[in-house]
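Architecture and fold: a report
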Amino acid sequence: MTSVRLRWALLLLSALFSPLFASLFGSAGLSPEVVWQCMTDRCPGRVEDMIFFDIRLPRVLGALLAGGALAIAGATLQNVTRNGLADPYLFGIVAGAGLGAAIVSVLPDIGWLPEGTSLPVAAFAGAWGSVFLVQGLAASRWARTPEQLLLAGIALSLMLGAATHMVLYIGEPFAANKVMFWMMGSLTRLETPHLLLIAVPLFFAVILLWLSGRRFDAMLLGDKTALSLGVHAGRMRMLGLIVCASLTAVVVAHCGGIGFVGLMIPHIVRRWFGVNTRAVILGSLLLGGVFLVWADVLARTLLESQELPIGIITSAIGSVFFLLMMRQRA
């Protein structure tokens, strides 16, 4: 019990202080003294003020929110499907967002949308479109069990991915290159107004999952056992899909495709804090945020003259993590 409390304390402190320490790193380094002065409204100059408040702080806070949202989405999906390999990527959500972004990139500018918002809006619409398709399969006789639902999501993801590649192939090369870079994930486009768009769905998702924690715990015992305990498994599975889709869609719309966070972080949290849904949700929120904050630090500091897409960093770390986990189980 003491070790678990110590882990919670360390994780909470990491979530509180990681954004501050991460704001020191970048192409234009900031010293701890400058960061402290800017936080106390005494920035030494306009350049430092612009770097800290307009570039660095929105980015690290956005990484904290996006990492927590992706980790919670993955944990929820793994819970309702009772499959530790379930991930938003496998349910076509990211592929749907990529298709929406690819379509809007080869079309003329959409006049009724504010400048620079067409790509995130199209990505959000595409992500939700894929969710409606998965929900339609879940409501039909094709995919009623968690295993069938997972297979349906994989098939839909492959189909949407093929459509995206077709659109990019026939589209203008510069626009296709822009979408492909976006699909690898990046936090460079995050600005202060975007933080609220991620924080609001994340807040309501955490509250909803926390209040429904006991029902999601019952689903871990199987649909029949959950039904005997008064929990309608089909409705809870649909609720989990909606929460996962909402969180993933809003993150992908602003940050692009960032893989392995929703797949890897819940495994670590369950090992540290157990399988209780409330503990997994809170732990995934904190650890996912901390992980993505430091993954973004690596993305912008590994190469001196340019920035790596953050999806490359998370995928590389995630693949090594699962190889080590397979070796340990063997």
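In this text the structure is predicted, and so the values were computed from the model without any measurement.

Attention now goes to the overall build of the protein chain. Of regular secondary structure, the protein chain possesses 14 helices and 0 strands. For the protein chain, the α and β elements follow one another from N to C terminus as α-α-α-α-α-α-α-α-α-α-α-α-α-α. C-alpha extents for the protein chain along the principal axes are approximately 65 × 60 × 40 Å. Relative to its full complement of 330 residues, the protein chain shows a buried share of 48%. Of the contacts made within the protein chain by residues no fewer than 6 positions apart, 76% connect residues no fewer than 24 positions apart. Accessible area for the protein chain stands at about 16700 Å²; split by element, carbon and sulfur atoms hold 68% of it. Taken as two groups, the 22 positive and 16 negative side-chain charges of the protein chain have centres that lie 18 Å from each other.

With that out of the way, let us pick up the packing of helix α4 (residues 93-105) against helix α7 (residues 173-183). Closest axis-to-axis distance for the α4/α7 pair is 9 Å, and the angle between their directions is 160 degrees. Compared by their axis directions, α4 and α7 come out roughly antiparallel. As α4 packs across α7, the resulting crossing turns out to be right-handed. Between α4, through Ala97, Gly98, Ala101, Ala102 and Ser105, and α7, the contact on the second element is made entirely by Ala175, Val179, Trp182 and Met183.

Our focus in this paragraph is unusual backbone geometry. If you check the backbone angles, Phe260 has positive phi at about 75 degrees while not being a glycine. Relative to the helices and strands, Phe260 resides in the loop between α11 (233-255) and α12 (261-273). For Phe260, a relative accessible area of 26% corresponds to the partly exposed category.

A few words now on a negative patch on the surface. The grouping of Asp41, Asp49, Asp54 and Glu191 at the surface amounts to a negative patch. Checked against the element boundaries, Asp54 lands in helix α3 (residues 46-81).

Overall, the coordinates contain 4 aromatic pairs when judged by the stated rule. Arranged with centres 6.2 Å apart and planes meeting at 65 degrees, the rings of Phe25 and Trp294 form a pair that is edge-to-face. One end of the pair, Phe25, is in the loop between α1 (2-22) and α2 (32-39); the other, Trp294, is in helix α13 (residues 277-301), and 269 residues separate them in sequence. The partly exposed category is assigned to Phe25, whose relative accessible area is 37%. What makes Trp294 partly exposed here is its relative accessible area of 33%. Their ring planes at 75 degrees and their centres at 5.5 Å tell us that Phe203 and Phe204 sit as a pair that is edge-to-face. In this structure, Phe203 and Phe204 share a single accessibility class: exposed. Aromatic rings pair up to connect Trp8, Trp272 and Phe273 into one cluster.

Now for the pattern of salt bridges. Under the defined criterion, the tally for this structure stands at 3 salt bridges. For Arg59, the salt bridge goes to Glu307, with nearest N and O atoms at 2.4 Å. Of the two residues, Arg59 sits in helix α3 while Glu307 sits in the loop between α13 and α14 (310-329), which places them 248 residues apart along the sequence. Between Asp296 and Arg300 there is a salt bridge, with its nearest N and O atoms 2.4 Å apart.

Moving on to the environment of Asp49. Here Asp49 shows up in helix α3. Through-space distance from the C-alpha of Asp49 to that of Met39 is 9.7 Å; in sequence the pair is 10 residues apart. Excluding residues within four positions of it along the chain, Asp49 makes contact with Cys43 and Asp54.

Another point: the nonpolar core. Phe91, Leu247, Val251, Ile258 and Val261 are the most contacted members of the largest nonpolar core, which totals 89 residues. Element by element, the count of residues in this core is highest for α11, at 13 residues. Not counting chain neighbours up to four residues away, the residues in contact with Val261 comprise Gly67, Leu70, Ala71, Pro266, Phe291, Leu292 and Thr314.

In this section: the confidence of the model for the protein chain. Per-residue confidence for the protein chain gives a mean pLDDT of 82; residues scoring 70 or more make up 92%. Put simply, α7 is where the protein chain has its lowest mean pLDDT, 75, and α13 is where it has its highest, 92.

A few words now on α2. Taken as a whole, α2 has its buried residues at Val34, Val35 and Cys38. All buried residues of α2 project into a common sector of 100 degrees when viewed along the axis, lining one side. Facing away from the buried side of α2 by more than 90 degrees, the exposed set consists of Pro32, Glu33 and Trp36. Contacts from the buried residues of α2 go to α3. Asp41, located one to two residues past α2, shows a positive phi value of around 60 degrees.

Rules and cut-offs
- Residues numbered from 1 in each chain as written.
- Predicted model: local features only at pLDDT ≥ 70, side-chain atom pairs only at ≥ 80, totals over all residues.
- Heavy atoms only, no water.
- Helix = DSSP H or I, 4+ residues; strand = E, 2+ residues; numbered from the N terminus.
- Buried < 20%, exposed > 50% of the residue type's maximum accessible area, 1.4 Å probe, protein only.
- Contact = heavy atoms within 4.5 Å.
- Areas by Shrake-Rupley, 256 points an atom, 1.4 Å probe, with all protein chains shown as cover.
- Lys, Arg positive; Asp, Glu negative; His and termini not counted.
- Charge placed at Lys NZ, Arg CZ, Asp CG, Glu CD.
- Axes fitted to C-alpha atoms, helices over the stretch in contact; angles between N-to-C directions.
- Parallel < 35°, antiparallel > 145°, perpendicular 65-115°, else oblique.
- Left-handed = near helix turned anticlockwise from the far one by under 90°.
- Patch = residues over 30% accessible without salt bridge, like charges linked within 9 Å, V, L, I, M, F, W, Y side chains within 5 Å.
- Salt bridge = Lys/Arg side-chain N within 4 Å of Asp/Glu carboxyl O.
- Phe/Tyr/Trp six-rings, centres within 6.5 Å; stacked < 30°, edge-to-face > 60°.
- Core = buried A, V, L, I, M, F, W, Y, C linked by side-chain atoms within 4.5 Å.
- pLDDT = per-residue confidence, 0-100.
- Arc of directions from axis to C-beta.

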